[in-house]
Amino acid sequence: MIKKKKKLSAFEVVLYAVFGVLALVTLYPFYNVLIVSLSNTVTSVRYSPYLYPHVLDFTGYKAIIKDMYFFKSLGTTVFVTVVGVALNMTFSVVAAYVLSKKRLAGRNFFLSMILFTMLFSGGLIPTYLVVCQLHLDNTVWCMILPTMISTYYLIIMKNYFASLPPSLEEAARIDGANEFTVLARIYVPISKPFMATFALFYAVERWNGWWEAFLYINDKNIKPLQIYLRDVLVSFNTQLGSQAQSMLSGTKVFVQSVQMAAIIVTMVPIICVYPFLQKYFVKGVMIGSVKE
(Lines give C-alpha, C1' and ligand atoms only; values in the text may rest on other atoms or scores of the structure.)
Protein backbone atom coordinates (compact mmCIF):
# COMPACT_ATOMS: atom_id res chain seq x y z
CA MET A 1 0.00 0.00 0.00
CA ILE A 2 1.19 3.47 -0.87
CA LYS A 3 1.05 5.85 2.04
CA LYS A 4 -0.13 9.33 1.30
CA LYS A 5 2.27 12.07 2.26
CA LYS A 6 1.04 14.24 5.07
CA LYS A 7 0.57 17.83 4.02
CA LEU A 8 2.18 20.44 6.21
CA SER A 9 -0.08 23.08 7.65
CA ALA A 10 0.73 26.75 7.42
CA PHE A 11 1.61 26.79 11.12
CA GLU A 12 4.08 23.91 10.69
CA VAL A 13 5.74 25.65 7.74
CA VAL A 14 6.18 28.84 9.74
CA LEU A 15 7.44 26.81 12.72
CA TYR A 16 10.04 24.98 10.62
CA ALA A 17 11.13 28.25 9.03
CA VAL A 18 11.58 29.99 12.38
CA PHE A 19 13.55 27.12 13.91
CA GLY A 20 15.59 26.80 10.72
CA VAL A 21 16.61 30.45 10.97
CA LEU A 22 17.44 30.01 14.67
CA ALA A 23 19.57 26.98 13.81
CA LEU A 24 21.48 28.96 11.18
CA VAL A 25 22.03 31.87 13.56
CA THR A 26 23.32 29.45 16.19
CA LEU A 27 25.60 27.46 13.89
CA TYR A 28 27.05 30.28 11.81
CA PRO A 29 29.52 31.52 14.47
CA PHE A 30 31.01 28.02 14.68
CA TYR A 31 31.09 27.80 10.89
CA ASN A 32 32.76 31.20 10.68
CA VAL A 33 35.42 30.15 13.19
CA LEU A 34 36.15 27.08 11.08
CA ILE A 35 36.42 29.12 7.87
CA VAL A 36 38.77 31.66 9.44
CA SER A 37 40.95 28.90 10.89
CA LEU A 38 41.54 27.61 7.34
CA SER A 39 42.23 31.05 5.89
CA ASN A 40 45.42 33.06 5.37
CA THR A 41 46.45 36.70 5.05
CA VAL A 42 45.80 36.98 1.30
CA THR A 43 42.35 35.45 1.50
CA SER A 44 41.38 37.59 4.48
CA VAL A 45 42.14 40.76 2.47
CA ARG A 46 40.34 39.68 -0.71
CA TYR A 47 37.27 37.99 0.73
CA SER A 48 35.31 39.28 3.69
CA PRO A 49 33.05 38.24 5.33
CA TYR A 50 33.59 34.51 5.03
CA LEU A 51 30.63 32.63 3.60
CA TYR A 52 32.53 29.63 2.25
CA PRO A 53 36.19 28.53 2.31
CA HIS A 54 38.22 30.14 -0.46
CA VAL A 55 41.41 28.33 0.57
CA LEU A 56 42.41 25.45 2.81
CA ASP A 57 45.45 26.59 4.77
CA PHE A 58 46.27 24.37 7.78
CA THR A 59 49.15 26.55 9.02
CA GLY A 60 47.19 27.52 12.12
CA TYR A 61 46.52 23.89 13.07
CA LYS A 62 50.11 22.88 12.41
CA ALA A 63 51.38 25.70 14.62
CA ILE A 64 49.07 24.64 17.45
CA ILE A 65 50.03 20.97 17.19
CA LYS A 66 53.75 21.80 17.20
CA ASP A 67 53.40 23.87 20.38
CA MET A 68 54.52 21.75 23.34
CA TYR A 69 52.35 23.70 25.77
CA PHE A 70 49.23 22.69 23.86
CA PHE A 71 49.75 19.01 24.64
CA LYS A 72 50.68 19.78 28.26
CA SER A 73 47.50 21.79 28.73
CA LEU A 74 45.49 19.12 26.91
CA GLY A 75 46.85 16.44 29.25
CA THR A 76 45.96 18.57 32.28
CA THR A 77 42.43 19.15 31.04
CA VAL A 78 41.88 15.46 30.22
CA PHE A 79 43.12 14.46 33.69
CA VAL A 80 40.93 17.06 35.41
CA THR A 81 37.90 16.02 33.35
CA VAL A 82 38.24 12.26 33.82
CA VAL A 83 39.24 12.27 37.49
CA GLY A 84 37.00 15.21 38.32
CA VAL A 85 33.88 13.68 36.77
CA ALA A 86 34.57 10.34 38.49
CA LEU A 87 34.83 12.07 41.88
CA ASN A 88 31.89 14.35 41.11
CA MET A 89 29.58 11.48 40.31
CA THR A 90 30.79 9.25 43.14
CA PHE A 91 30.34 11.81 45.90
CA SER A 92 27.19 13.37 44.41
CA VAL A 93 25.41 10.04 43.96
CA VAL A 94 26.35 8.74 47.40
CA ALA A 95 25.35 12.00 49.11
CA ALA A 96 22.09 12.21 47.15
CA TYR A 97 21.19 8.62 48.02
CA VAL A 98 21.80 9.19 51.72
CA LEU A 99 19.87 12.47 51.81
CA SER A 100 16.93 10.88 49.99
CA LYS A 101 16.26 8.58 52.97
CA LYS A 102 13.77 10.06 55.44
CA ARG A 103 15.11 7.78 58.16
CA LEU A 104 18.45 9.65 58.14
CA ALA A 105 19.01 11.32 61.53
CA GLY A 106 19.35 15.09 61.14
CA ARG A 107 18.27 14.95 57.50
CA ASN A 108 16.48 18.32 57.56
CA PHE A 109 19.48 19.98 59.21
CA PHE A 110 21.87 18.65 56.56
CA LEU A 111 19.55 19.73 53.75
CA SER A 112 19.25 23.20 55.26
CA MET A 113 23.03 23.56 55.45
CA ILE A 114 23.40 22.37 51.86
CA LEU A 115 20.73 24.79 50.62
CA PHE A 116 22.44 27.58 52.58
CA THR A 117 25.54 27.20 50.40
CA MET A 118 23.43 27.92 47.32
CA LEU A 119 22.60 31.37 48.68
CA PHE A 120 25.80 32.34 50.49
CA SER A 121 29.47 31.57 50.01
CA GLY A 122 32.65 32.28 51.92
CA GLY A 123 33.85 34.79 49.34
CA LEU A 124 36.82 34.87 47.01
CA ILE A 125 39.55 35.84 49.48
CA PRO A 126 38.66 33.29 52.20
CA THR A 127 38.38 30.58 49.55
CA TYR A 128 41.78 31.54 48.14
CA LEU A 129 43.35 31.41 51.61
CA VAL A 130 41.86 28.00 52.34
CA VAL A 131 43.10 26.55 49.05
CA CYS A 132 46.60 27.93 49.65
CA GLN A 133 46.72 26.73 53.26
CA LEU A 134 45.77 23.24 52.10
CA HIS A 135 48.71 23.44 49.65
CA LEU A 136 46.45 22.88 46.66
CA ASP A 137 47.77 25.91 44.78
CA ASN A 138 49.97 25.17 41.77
CA THR A 139 48.56 21.64 41.58
CA VAL A 140 45.86 20.15 39.38
CA TRP A 141 43.85 19.32 42.51
CA CYS A 142 42.89 22.96 42.96
CA MET A 143 40.64 22.48 39.90
CA ILE A 144 39.07 19.27 41.27
CA LEU A 145 38.66 19.25 45.04
CA PRO A 146 37.11 22.72 45.71
CA THR A 147 34.29 21.96 43.24
CA MET A 148 33.77 18.33 44.20
CA ILE A 149 29.97 18.54 44.44
CA SER A 150 27.52 20.84 42.72
CA THR A 151 24.79 21.71 45.21
CA TYR A 152 22.24 22.22 42.46
CA TYR A 153 22.92 18.82 40.90
CA LEU A 154 22.93 17.20 44.35
CA ILE A 155 19.43 18.46 45.13
CA ILE A 156 18.11 17.20 41.79
CA MET A 157 19.72 13.78 42.34
CA LYS A 158 18.27 13.62 45.85
CA ASN A 159 14.77 14.33 44.56
CA TYR A 160 15.19 11.72 41.84
CA PHE A 161 16.23 8.98 44.28
CA ALA A 162 13.36 9.94 46.59
CA SER A 163 10.90 9.48 43.69
CA LEU A 164 11.95 5.87 42.97
CA PRO A 165 9.47 3.19 44.13
CA PRO A 166 10.21 1.98 47.69
CA SER A 167 9.45 -1.57 46.54
CA LEU A 168 12.80 -1.67 44.75
CA GLU A 169 14.69 -1.25 48.00
CA GLU A 170 12.29 -3.46 49.97
CA ALA A 171 12.77 -6.36 47.54
CA ALA A 172 16.54 -5.99 47.79
CA ARG A 173 16.36 -5.86 51.60
CA ILE A 174 14.47 -9.16 51.67
CA ASP A 175 17.35 -10.73 49.72
CA GLY A 176 19.80 -9.43 52.34
CA ALA A 177 21.18 -6.40 50.49
CA ASN A 178 22.83 -3.60 52.46
CA GLU A 179 22.87 0.12 51.67
CA PHE A 180 25.86 -0.11 49.33
CA THR A 181 24.35 -3.03 47.43
CA VAL A 182 21.01 -1.26 47.04
CA LEU A 183 22.74 1.80 45.59
CA ALA A 184 25.28 0.01 43.38
CA ARG A 185 23.14 -2.93 42.21
CA ILE A 186 19.64 -1.44 42.11
CA TYR A 187 19.53 2.35 41.91
CA VAL A 188 22.54 3.07 39.70
CA PRO A 189 21.77 0.48 36.94
CA ILE A 190 18.19 1.72 36.46
CA SER A 191 19.38 5.33 36.43
CA LYS A 192 21.80 5.20 33.49
CA PRO A 193 20.06 7.98 31.48
CA PHE A 194 19.94 10.13 34.60
CA MET A 195 23.58 9.41 35.50
CA ALA A 196 24.77 9.98 31.91
CA THR A 197 23.05 13.36 31.80
CA PHE A 198 24.75 14.66 34.92
CA ALA A 199 28.06 13.07 34.00
CA LEU A 200 27.91 15.05 30.75
CA PHE A 201 27.06 18.25 32.63
CA TYR A 202 30.00 17.71 34.96
CA ALA A 203 32.31 16.85 32.04
CA VAL A 204 31.45 20.04 30.15
CA GLU A 205 32.03 22.12 33.29
CA ARG A 206 35.37 20.41 33.93
CA TRP A 207 36.50 20.76 30.33
CA ASN A 208 35.59 24.45 30.17
CA GLY A 209 36.89 25.24 33.66
CA TRP A 210 39.51 27.98 33.85
CA TRP A 211 38.70 30.22 36.82
CA GLU A 212 40.36 28.06 39.48
CA ALA A 213 43.46 27.61 37.33
CA PHE A 214 43.59 31.35 36.68
CA LEU A 215 43.55 32.03 40.42
CA TYR A 216 45.71 29.29 41.85
CA ILE A 217 48.14 28.08 39.15
CA ASN A 218 51.28 29.92 38.11
CA ASP A 219 53.13 26.94 36.64
CA LYS A 220 52.64 27.05 32.87
CA ASN A 221 53.29 23.31 32.57
CA ILE A 222 50.06 22.36 34.38
CA LYS A 223 47.71 25.05 33.15
CA PRO A 224 44.53 23.65 31.51
CA LEU A 225 43.45 23.96 27.92
CA GLN A 226 41.13 26.92 28.49
CA ILE A 227 43.99 28.99 29.96
CA TYR A 228 46.09 28.05 26.94
CA LEU A 229 43.25 29.18 24.68
CA ARG A 230 42.95 32.43 26.62
CA ASP A 231 46.67 33.09 26.20
CA VAL A 232 46.43 32.48 22.45
CA LEU A 233 43.41 34.77 22.03
CA VAL A 234 44.40 37.57 24.40
CA SER A 235 48.18 37.61 24.00
CA PHE A 236 49.33 35.80 20.87
CA ASN A 237 52.69 34.52 22.13
CA THR A 238 55.91 34.97 20.14
CA GLN A 239 56.81 31.27 20.15
CA LEU A 240 53.53 30.28 18.53
CA GLY A 241 53.87 33.05 15.97
CA SER A 242 57.42 32.02 15.08
CA GLN A 243 56.30 28.41 14.62
CA ALA A 244 53.59 29.52 12.23
CA GLN A 245 55.99 31.85 10.39
CA SER A 246 58.53 29.05 9.90
CA MET A 247 55.93 27.11 7.91
CA LEU A 248 55.40 29.97 5.49
CA SER A 249 57.75 31.34 2.88
CA GLY A 250 57.83 35.11 3.00
CA THR A 251 54.14 35.46 3.82
CA LYS A 252 52.97 37.21 6.97
CA VAL A 253 51.25 34.99 9.52
CA PHE A 254 47.48 35.43 9.70
CA VAL A 255 47.12 35.61 13.47
CA GLN A 256 43.37 35.04 13.44
CA SER A 257 43.76 31.69 11.67
CA VAL A 258 45.98 30.43 14.49
CA GLN A 259 43.59 31.79 17.11
CA MET A 260 40.53 30.24 15.47
CA ALA A 261 42.41 26.96 15.03
CA ALA A 262 43.04 26.98 18.79
CA ILE A 263 39.30 27.40 19.38
CA ILE A 264 38.48 24.46 17.10
CA VAL A 265 40.99 22.03 18.64
CA THR A 266 39.80 23.05 22.11
CA MET A 267 36.14 22.60 21.27
CA VAL A 268 36.10 19.42 19.19
CA PRO A 269 37.07 16.82 21.86
CA ILE A 270 34.19 17.63 24.23
CA ILE A 271 31.74 17.80 21.31
CA CYS A 272 32.74 14.26 20.32
CA VAL A 273 31.44 13.02 23.68
CA TYR A 274 27.84 13.99 22.90
CA PRO A 275 27.07 11.26 20.30
CA PHE A 276 28.04 8.53 22.79
CA LEU A 277 25.71 9.86 25.49
CA GLN A 278 22.88 11.10 23.31
CA LYS A 279 21.01 7.78 23.38
CA TYR A 280 20.55 8.05 27.15
CA PHE A 281 18.67 11.34 26.86
CA VAL A 282 15.80 9.79 24.91
CA LYS A 283 15.27 6.89 27.29
CA GLY A 284 13.00 6.98 30.30
CA VAL A 285 14.69 7.25 33.66
CA MET A 286 12.71 4.28 34.93
CA ILE A 287 13.77 1.75 32.29
CA GLY A 288 14.36 -1.62 33.89
CA SER A 289 12.59 -0.81 37.15
CA VAL A 290 9.64 -2.65 38.66
CA LYS A 291 6.27 -1.32 37.59
CA GLU A 292 3.64 -1.00 40.29
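Relevant structure appears above.
Residues numbered from 1 in each chain as written. Predicted model: local features only at pLDDT ≥ 70, side-chain atom pairs only at ≥ 80, totals over all residues. Heavy atoms only, no water.

Trainee: Give a description of the overall build of the protein chain that names residues and reports values.
Mentor: The helix and strand tally for the protein chain stands at 15 helices and zero strands. Of all 292 residues assigned to the protein chain, the portion counted as buried reaches 36%. A total of about 18,000 Å² of accessible surface is found on the protein chain, and carbon and sulfur atoms cover 68% of it. (Helix = DSSP H or I, 4+ residues; strand = E, 2+ residues; numbered from the N terminus. Buried < 20%, exposed > 50% of the residue type's maximum accessible area, 1.4 Å probe, protein only. Areas by Shrake-Rupley, 256 points an atom, 1.4 Å probe, with all protein chains shown as cover.)

Trainee: Residues and numbers for the side chain of Glu169, please.
Mentor: Along the chain, the position of Glu169 falls in helix H8 (residues 166-174). A distance of 2.9 Å separates polar atoms of two side chains, one belonging to Glu169 and the other to Arg103. When residues no more than four places from it in sequence are discounted, the contact partners of Glu169 are Tyr97, Lys101, Arg103, Glu179, Val182 and Tyr187. (Polar contact = N/O pair within 3.5 Å; in protein donor to acceptor, adjacent residues only side chain to side chain. Contact = heavy atoms within 4.5 Å.)

Trainee: Describe a nonpolar patch on the surface, listing the residues and the values that go with them.
Mentor: A cluster of nonpolar side chains, namely Leu124, Ile125, Tyr128, Leu129, Trp210, Trp211 and Phe214, defines an oily patch on the protein surface of about 710 Å² accessible area. Mapped by element, the contributors of at least two residues to the nonpolar patch are helix H6 (124-133) and helix H11 (211-216). In terms of residue count, the dominant contributor to the nonpolar patch is H6 (four residues). The topology assignment puts Tyr128 in helix H6. Taking relative accessible area as the criterion, Tyr128 reaches 36% and is therefore assigned partly exposed. (Patch = residues over 30% accessible without salt bridge, like charges linked within 9 Å, V, L, I, M, F, W, Y side chains within 5 Å. Salt bridge = Lys/Arg side-chain N within 4 Å of Asp/Glu carboxyl O.)

Trainee: Could you give an account of the packing of helix H1 (residues 10-37) against helix H14 (residues 255-271), with specific residues and numbers?
Mentor: Packing of H1 against H14 leaves a shortest axis separation of 7 Å and a crossing angle of 125°. As judged from the angle between their axes, H1 and H14 are oblique. Of the two possible hands of crossing, H1 and H14 adopt the one that is left-handed. Contact residues: Phe30, Val33, Leu34, Val36 and Ser37 in H1; Gln256, Ser257, Met260, Ala261, Ile263, Ile264 and Met267 in H14. A class-by-class count of the residues in the contact of H1 with H14 yields nine nonpolar, three polar and no charged. (Axes fitted to C-alpha atoms, helices over the stretch in contact; angles between N-to-C directions. Parallel < 35°, antiparallel > 145°, perpendicular 65-115°, else oblique. Left-handed = near helix turned anticlockwise from the far one by under 90°. Nonpolar A, V, L, I, M, F, W, Y, C, P; charged D, E, K, R; others polar.)

Trainee: So what's going on with H8? Residues and values would help.
Mentor: Within H8, burial applies to Leu168, Glu169 and Ala172. Angular distribution of buried residues about the axis of H8 spans 90°; they occupy a single face of the element. For H8, exposure combined with an orientation more than 90 degrees from the buried face picks out Pro166, Glu170 and Ile174. In this structure, the buried side of H8 is in contact with helix H4 (68-99) and helix H9 (179-187). Looking one or two residues beyond H8, the residue adopting positive phi is Gly176, at roughly 90°. (Arc of directions from axis to C-beta.)

Trainee: Before we move on, could you go through the packing of aromatic side chains and cite the residues and values that matter?
Mentor: Scanning the model with the defined rule gives 22 aromatic pairs in all. Residues Tyr28 and Tyr31 carry aromatic rings whose centres are separated by 6.3 Å and whose planes lie at 45° to one another, so their mutual orientation is tilted. Residue Tyr28 and its partner Tyr31 are located together in helix H1, separated by three residues, close to a single helical turn. Its relative accessible area of 34% is what places Tyr28 among the partly exposed residues. Here Tyr31 falls in the partly exposed class, since its relative accessible area comes to 33%. Taken together through their ring pairs, the aromatic side chains of Tyr97, Tyr152, Tyr153, Tyr160, Phe161, Tyr187, Phe194, Phe198, Phe201 and Tyr202 make up a single cluster. Lying across the ring of Tyr69, Lys220 places its NZ or CZ 4.3 Å from the centre. (Phe/Tyr/Trp six-rings, centres within 6.5 Å; stacked < 30°, edge-to-face > 60°. Lys NZ or Arg CZ within 6 Å of the ring centre and 35° of its normal.)

Trainee: Before we move on, could you go through the nonpolar core and cite the residues and values that matter?
Mentor: Ranked by internal contacts, the top residues of the largest apolar core, which has 47 residues, are Ile64, Met89, Val93, Met157, Phe161 and Tyr187. The biggest single contributor to this core is H14, with eight residues. Beyond its immediate chain neighbours, meaning those up to four positions away, Met157 contacts Met89, Ser92, Val93, Ala96, Phe194, Phe198 and Tyr202. Judged by nonpolar contacts, the second largest core, of 12 residues, contains Val80, Cys142, Met143 and Ile217. (Core = buried A, V, L, I, M, F, W, Y, C linked by side-chain atoms within 4.5 Å.)

Trainee: Which residues make up the state of the cysteines, and what values do they have?
Mentor: The full count for this structure, using the stated rule, is zero disulfides. Note on Cys142: no disulfide assigned, nearest cysteine sulfur contributed by Cys132 at a separation of 9.2 Å. (Disulfide = S-S within 2.5 Å.)

Trainee: Account for the environment of Tyr274, with residues named and values stated.
Mentor: By the element assignment, Tyr274 lies in helix H15 (residues 274-281). Taking the relative accessible area as the measure of exposure, Tyr274 reaches 39% and is therefore partly exposed. In this structure the C-alpha to C-alpha distance between Tyr274 and Leu200, which are 74 residues apart in sequence, comes to 7.9 Å. Excluding its chain neighbours within four sequence positions, the residues that come into contact with Tyr274 are Leu200 and Val204.

Trainee: Before we move on, could you go through the pattern of salt bridges and cite the residues and values that matter?
Mentor: Inspection of the entire model under this criterion finds six salt bridges. Lys101 is paired through a salt bridge with Glu169; the nearest N and O atoms lie 2.7 Å apart. Remark: Glu169 occurs in helix H8 and Lys101 occurs in the loop between H4 and helix H5 (107-119); sequence separation between them is 68 residues. In this pair, the class of Lys101 matches that of Glu169, namely buried. Here Arg103 makes a salt bridge to Glu169, at a shortest N to O gap of 2.9 Å. One end of the pair, Arg103, is in the loop between H4 and H5; the other, Glu169, is in helix H8, and 66 residues separate them in sequence. By relative accessible area, which is 10% here, Glu169 ends up buried. Through salt bridges that share partners, Lys101, Arg103, Glu169, Arg173 and Glu179 make up one connected network.

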